[in-house]
Amino acid sequence: MKPQEIRAAYLEELNRVAPDVDPETVSDNDHIQDDLELDSMDVLNLVTALHTRFGIDIPESDYPQIATPALAVNYLGKAA
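Residues numbered from 1 in each chain as written. Predicted model: local features only at pLDDT ≥ 70, side-chain atom pairs only at ≥ 80, totals over all residues. Heavy atoms only, no water.

**As for the overall build of the protein**
Alright, step 1. Of the regular secondary structure elements, the protein holds three helices and zero strands.
Alright, step 2. Ordering the α and β elements of the protein from the N terminus gives α-α-α.
Alright, step 3. The C-alpha atoms of the protein give a radius of gyration of 11 Å, which matches the 12 Å a tight globule of 80 residues would have.
Alright, step 4. Counting across all 80 residues of the protein, residues that qualify as buried make up 40%.
Alright, step 5. Long-range contacts, defined as pairs at least 24 residues apart, comprise 50% of the intrachain contacts of the protein with a sequence gap of at least 6.
Alright, step 6. A total of about 4,800 Å² of accessible surface is found on the protein, and carbon and sulfur atoms cover 47% of it.
Alright, step 7. The average position of the 5 basic charges and that of the 16 acidic charges among the side chains of the protein differ by 12 Å. (Helix = DSSP H or I, 4+ residues; strand = E, 2+ residues; numbered from the N terminus. Rg over C-alpha atoms; globule rule 2.2 N^0.38 Å. Buried < 20%, exposed > 50% of the residue type's maximum accessible area, 1.4 Å probe, protein only. Contact = heavy atoms within 4.5 Å. Areas by Shrake-Rupley, 256 points an atom, 1.4 Å probe, with all protein chains shown as cover. Lys, Arg positive; Asp, Glu negative; His and termini not counted. Charge placed at Lys NZ, Arg CZ, Asp CG, Glu CD.)

**A look at a negative patch on the surface**
Alright, step 1. Together, D20, D34, D35 and E37 make up a region of like negative charge exposed at the surface.
Alright, step 2. The exposure class of E37 is exposed, given its relative accessible area of 67%. (Patch = residues over 30% accessible without salt bridge, like charges linked within 9 Å, V, L, I, M, F, W, Y side chains within 5 Å. Salt bridge = Lys/Arg side-chain N within 4 Å of Asp/Glu carboxyl O.)

**Quick look at the pattern of salt bridges**
Alright, step 1. For the coordinates displayed, the defined rule picks out five salt bridges.
Alright, step 2. The partner of D28 in a salt bridge is R7, with the nearest N and O atoms 2.6 Å apart. Taken as a pair, D28 in the loop between α1 (3-17) and α2 (40-54) and R7 in helix α1 lie far apart in primary sequence, 21 residues in all.
Alright, step 3. Among the salt bridges present, the one from R16 reaches E13, with a minimum N-O distance of 3.1 Å.

**Considering helix α3 (residues 69-79)**
Alright, step 1. Listed as buried for α3 are P69, A72, V73, Y75 and L76.
Alright, step 2. Next to the buried residues of α3 lie α1 and α2.

**Some remarks on the environment of L14**
Alright, step 1. Relative to the helices and strands, L14 resides in helix α1.
Alright, step 2. As for L14 and D42, which are separated by 28 residues in sequence, their C-alpha atoms are 8.8 Å apart.
Alright, step 3. For L14, the residues in contact, after removing those within four places along its chain, are V21, I32, L36, L38 and L46.

Rendered as structure tokens:
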């Protein structure tokens, strides 16, 4: 998968979890909790959605590695 495809998939799942977040306005360095205001349950739902979409396990210790689109693209690209 190309980085732009991973980013698009990440933002699609983010938007499903948090419909009020407009994927068009999310920058690569927007933090899902600090900037986009997802709560811990939203983060868990995002992790579950990414697990389903990419078929990879994301341990809690790796959550910081999916906290921004840029970090997530790097992490998911290596894991997929």
